[in-house]
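Spelled out, the chains give:
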Amino acid sequence: MIKIAVPKESDLGELRVALVPDTVARFIKLGFEVLVQSGAGQGAHFTDSEYEAAGATIINSPQELWGAADILLKVAPPGEQQGEQEMNWLKPSSTLISFLNPLANPEYIQALAQRKINAFSMEMIPRTSRAQSMDALSSQANIAGYKAALIAAASLPRLFPMMTTAAGTIPPAKVLVIGAGVAGLQAIATARRLGAVVEAFDVRAAVKEEVQSVGAKFIEIPIEEDTATNQGYAKEVGQSTQEKIRQVLTEHIKKSDVVITTAQVQGKRAPLIVTEEMVGEMSSGAVIVDLAAGQGGNCACTEAGKDVYYNGVTIIGPLNLPSTLPVDSSKVYAKNLLTLVKYLVKDDAIDFNFEDDIVGGTCVTYEGEIRNERVKNALATLVQA
Ligand code: NAD
């Protein structure tokens, strides 16, 4: 019987948990044994007794839990605890499934390979319809986009919706969303629900209809270069295109009460879109929420994890917004993991069939080797530098 283990996240500020009691019950029904570290669900408001009622065995010692795992399910990459590397507690040939940030951290992936841990990175789930229910980047980005709009509304010194009162009519706030991927579209939808007037821009012109379907106006900027990879991700655009984008957006940013930026390019620093000069032209009281803060920021004034005040404008650079809504972000993440594990396990063992695009794309280390070409390239670049 395969033993699945769920540890308590050790990163400070990580309130999510990899499995919730409902999903534990589903795993038990499928014939897995599930071990949960005591207190693992505390941050997300799930108690040990709820996990026990779902069929899990509660384990107190983290070392014992990690050491017993055939498959360890985690949210954040294993880190340090009690002065020891958590990954060293895993037995060789066990499987780790977690967010691992492999393109930004290839040396860490190398260390996992050296420890002979077979690791699957949740960031690398292919963006295909077949893998949609395993797509943790999307499930978490959706929640981040929602929270970004709420933070913007709560930080703005004026109202989001139009209000017609006996004391006069208050016009709605103007929100601009830059980057209309999963997080951006949810930020638009949430800002619209709160009554703001929303416009949006993305380098991938293909998102125009999606932007319009959630109630925003799409800002059209004719771009000559190819802006999307064949997987549908944005490519890094050249300096002259980026300059052209900035020129058009300057006027829109100036008129906006709120700017929510979500622009990212996989494996690269986030594109710098909002310059200090552009922030300087915004009205006093305006708010920028930069969801790319952890990847270097889309705004020149952003400081990751901090609120910055610049000429009357508040620039908020939140990190890990899904962790601020740990109940639902854990629930959807657990569902992503359940679908993935069910897909991977055949006849009571993981089927490492690298011909399959989900296995081949997501598995980053196997039997002491780095599997993924992009991770290998990232490591080679690092070694050369
Ligand atoms: P992301 O988080 O990588 O980036 C956010 C957005 O920023 C993207 O829409 C991107 O085009 C945009 N962007 C990048 N550079 C920019 C710039 N210089 N200026 C303005 N915008 C810029 O994106 P994501 O939400 O992960 O989505 C990426 C792609 O994956 C999209 O095509 C999305 O439709 C697709 N997707 C597919 C599936 C699926 O089929 N299962 C699921 C989720 C997402």
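Since the model is a prediction, treat every value here as computed from it, not as a measurement.

Trainee: Which parts of the structure should I look at to understand the domain arrangement of the protein?
Mentor: Many descriptions give the size of an interface as the accessible area lost when the pieces come together. Domain annotation for the protein reports domain 1 (3–134 + 326–380) and domain 2 (141–323). Summarising the inter-unit geometry, the C-alpha centres of domain 1 and domain 2 are found 32 Å apart. Facing 12 residues of domain 1, the contacting portion of domain 2 comprises 8 residues. At the boundary of domain 1 with domain 2, the tally comes to 7 residue pairs in polar contact (both at pLDDT 80 or more). Here the side of domain 1 that touches domain 2 takes 4 residues from helix α10 (residues 326–344), the largest share from any one element. Residue composition of the side of domain 1 that touches domain 2, by class: 4 nonpolar, 2 polar and 6 charged.

Trainee: In this structure, what is going on with the pairing of strand β15 (residues 287–290)? I would like to understand it.
Mentor: The two faces of a sheet get side chains in turn, since along a regular strand they alternate between them. The side-chain alternation of β15 yields two buried faces, one formed by Val-287 and Val-289 and the other by Ile-288 and Asp-290. By the bridge criterion, 4 bridges tie strand β14 (residues 258–261) to β15 in an arrangement that is parallel. Pairing of Val-259 across the sheet is with Ile-288, part of β15. Relative to strand β17 (residues 313–316), β15 runs parallel, the two sharing 3 bridges. Following the sheet pairing, Val-287 is matched in β17 by Thr-314.

Trainee: Just to check I follow, could you spell out the sheet that holds strand β8 (residues 118–121) for this structure?
Mentor: Think of a sheet as strands paired side by side through backbone hydrogen bonds, with each pair either parallel or antiparallel. The sheet built from 8 strands is open, its strands ordered β3-β2-β1-β4-β7-β8-β20-β21 with mixed pairing. Lying at the two open borders of the sheet, with one neighbouring strand each, are β3 (57–59) and β21 (369–370). Where strand β2 (residues 33–37) meets β3, 3 bridges bridge the pair, whose relative direction is parallel. In the strand pairing of β3, Val-36 is matched with Ile-58. Together, β1 (3–6), β4 (71–73), β7 (95–98) and β8 form the strand contacts of α10, whose direction differs from that of β7 by roughly 145°.

Trainee: Can you help me understand the sheet that holds strand β16 (residues 307–310) in this one?
Mentor: Pairing within the open sheet is mixed, and its 7 strands lie in the order β13-β12-β11-β14-β15-β17-β16. The sheet is open, and its two borders are formed by β13 (217–218) and β16, each paired with just one other strand. In the sheet, strand β11 (residues 174–178) pairs with β14 via 4 bridges, with the strands oriented parallel. Following the sheet pairing, Ile-178 is matched in β14 by Thr-261. The strands touched by helix α8 (residues 239–255) are β11, β12 (197–201) and β14; relative to β11, the strand with the most contacts, the crossing angle is about 155°.

Trainee: How should the packing of helix α5 (residues 136–155) against α10 be read in this particular structure?
Mentor: Packed helices, taken two at a time, are described by the angle between their axes plus the distance between the axes. Where α5 meets α10, the closest approach of the two axes is 9 Å, and the angle between their N-to-C directions is 165°. Relative to α10, the element α5 is oriented roughly antiparallel. The handedness of the crossing between α5 and α10 is right-handed. Contacts between α5 and α10 involve Ala-136, Ser-139, Gln-140 and Ile-143 from the former and Asp-328, Ser-329, Val-332, Tyr-333 and Asn-336 from the latter. Broken down by class, the residue content of the contact of α5 with α10 amounts to 4 nonpolar, 4 polar and 1 charged.

Trainee: How do you make sense of the pattern of salt bridges when you look at a structure like this?
Mentor: One pass over the structure, following the stated rule, counts 17 salt bridges. Close ionic contact of Lys-376 with Glu-373 constitutes a salt bridge, the shortest N to O distance being 3.3 Å. Here the residue Lys-376 and the residue Glu-373 both occupy positions in helix α12 (residues 373–384), the gap between them amounting to 3 residues, near one helical turn. Through salt bridges that share partners, Arg-130, Asp-356 and Asp-357 make up one connected network.

Trainee: I tried to follow the state of the cysteines on my own but got confused; where do I start?
Mentor: Covalently bonding the sulfur atom of one cysteine to the sulfur atom of another cysteine gives a disulfide. Taken as a whole and assessed by the stated rule, the structure comprises 0 disulfides. With no disulfide partner, Cys-299 has as its closest neighbouring cysteine sulfur the one in Cys-301, 4.5 Å distant.

Trainee: Is there a simple way to explain the site of the ligand in this structure?
Mentor: Around the ligand there are 23 residues in total, and Ser-138, Val-182, Asp-202, Arg-204 and Gly-232 lie nearest to it. Within the backbone of Val-182, an N or O atom sits 2.7 Å from an oxygen atom of the ligand. Between the ligand and Gln-242 there is a distance of 3.4 Å, counted from a nitrogen atom to a side-chain nitrogen or oxygen. Looking at the shell around the ligand residue by residue, the classes come out as 10 nonpolar, 9 polar and 4 charged.

Conventions used here
Residues numbered from 1 in each chain as written. Predicted model: local features only at pLDDT ≥ 70, side-chain atom pairs only at ≥ 80, totals over all residues. Heavy atoms only, no water. Domains from an automatic or database assignment. Contact = heavy atoms within 4.5 Å. Polar contact = N/O pair within 3.5 Å; in protein donor to acceptor, adjacent residues only side chain to side chain. Helix = DSSP H or I, 4+ residues; strand = E, 2+ residues; numbered from the N terminus. Nonpolar A, V, L, I, M, F, W, Y, C, P; charged D, E, K, R; others polar. Buried < 20%, exposed > 50% of the residue type's maximum accessible area, 1.4 Å probe, protein only. Pairing = 2+ DSSP bridges. Axes fitted to C-alpha atoms, helices over the stretch in contact; angles between N-to-C directions. Parallel < 35°, antiparallel > 145°, perpendicular 65-115°, else oblique. Left-handed = near helix turned anticlockwise from the far one by under 90°. Salt bridge = Lys/Arg side-chain N within 4 Å of Asp/Glu carboxyl O. Disulfide = S-S within 2.5 Å. Near = heavy atom within 4 Å.

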